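# What the coordinates show
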Amino acid sequence: MSSIVETRNLRMYYTVRQGLFKTVPVKAVDGVSMNIKAAETLALVGESGCGKTSLGRTTLRLLEPVSGELIFKGKDITHDSQQSLKWLRRDAQIIFQDPYSSINPYMNIHQIMEEPLIIHKIEDADKRTEMIYRALEEVRLYPVDEVVRKYPHMLSGGQRQRVTFARALLLDPTYIVADEPVSMIDASSRVELLQILSNLQKLHNLSILYITHDISTAKYVSNRLAVMYVGKMVERGDVLKVIGKPLHPYTQGLIASVPDPDPSNRLSYREVIPGEPPNAINPPAGCRFHTRCPHVMPICSEKEPKLIEIEQGQDAACFLYHKEFVEEEQPGDKR
Ligand code: SF4
């Protein structure tokens, strides 16, 4: 399967002010290589501030990389001017977390949906209406005749987010970044929204980067799962393999902390990862997780582990899987 999006050693830093005159770089994305294949959903998981949103936006060139390469459909677009990337604004879309702020409260749904079509010069009004109706039907907002006349405040949060799904699809994109699309939606509507996203992915052969802090939702929508920690990718692989048998201690901690009402489910025990993530302004040397890892070894604060294939289709960046560094302890001994 060919890649739609590929990053090679991508870095995105932004600056924050420290004191009156000094600015320092925050290493939001710090050397990430990954790919998203045609018609697949990659879930990108990690705690708040780990760099997943920055990585998602950098793949759209909404944030500028400081180094590395960004390849879209085989073309290196790392240094292309924003002016020359108009095609990308049509072929790649983003769904934001907050449906309340991402649509204009003073426009009705027809006007909200029509805006991107006018910007992208779909001149025929009948054609625009036909496209709007089809997109709203695909996200199951019925009856469409009534929905298009409503204003955002007349819809529930879940319905508003469905409008943003439909609007993202209007221009028939190849790639969508869905940034925490259900985290601000009532729990009762989340599963239905995730089903709609999954159906849309299949219907339109979309490549989706599904960003979430909630690893438990990833298995509903994604084919593969990638885990980020303080700007680095620490594990990735087939979603069922990673959730079924996580290799990296950070992924193990994330999964163990998922609440599950089923007592027979092995995810039901809750274990919180100790401590706080380190500051991305000055991350620790070596493995960035070593300040919190229950399996830490002397090498972990000295060298940075590479993200390598440990099992077929499952990569991890951890010295526990490098025989030369492990003496008596084996992965999982302490769990
Ligand atoms: Fe823990 Fe060391 Fe593996 Fe990092 S490299 S996750 S500190 S065992």
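Above this text you will find the structure in question.
The rules behind the values
Residues numbered from 1 in each chain as written. Predicted model: local features only at pLDDT ≥ 70, side-chain atom pairs only at ≥ 80, totals over all residues. Heavy atoms only, no water. Buried < 20%, exposed > 50% of the residue type's maximum accessible area, 1.4 Å probe, protein only. Helix = DSSP H or I, 4+ residues; strand = E, 2+ residues; numbered from the N terminus. Contact = heavy atoms within 4.5 Å. Near = heavy atom within 4 Å. 1 Å grid on protein atoms, 1.4 Å probe; cavity = no way out; pocket = protein on both sides within 12 Å on 5 of 7 lines; lining within 4 Å. Sits in = over half its atoms within 2 Å of the grid points. Nonpolar A, V, L, I, M, F, W, Y, C, P; charged D, E, K, R; others polar. Points joined across faces, edges and corners; volume = space filled by probe spheres on them.

So, on to helix 10 (residues 249-256). Most of helix 10 is tucked away, with eight of its eight residues classed as buried. Buried residues of helix 10: Pro249, Tyr250, Thr251, Gln252, Gly253, Leu254, Ile255 and Ala256, and no others. Each element contacted by the buried residues of helix 10 is listed here: strand 3 (41-45), helix 8 (215-221), strand 9 (224-229), strand 10 (232-238) and helix 9 (239-244).

This next bit is on the site of the ligand. All residues in the neighbourhood of the ligand are listed as His248, Pro249, Cys287, Phe289, His290, Cys293, His295, Cys300, Pro305, Cys318, Phe319 and Leu320. Judged by its atoms lying within 2 Å of the grid points, the ligand is housed in the largest cavity. Tallied by class, residues from the shell around the ligand come to nine nonpolar, three polar and no charged.

Inspection of the entire model under this criterion finds two cavities of 30 Å³ or more. As for the largest cavity, its lining consists of 13 residues, of which Cys287, Cys293, Cys300, Cys318 and Phe319 are closest to the centre. Considering only residue class, the lining of the largest cavity consists of ten nonpolar, three polar and no charged.

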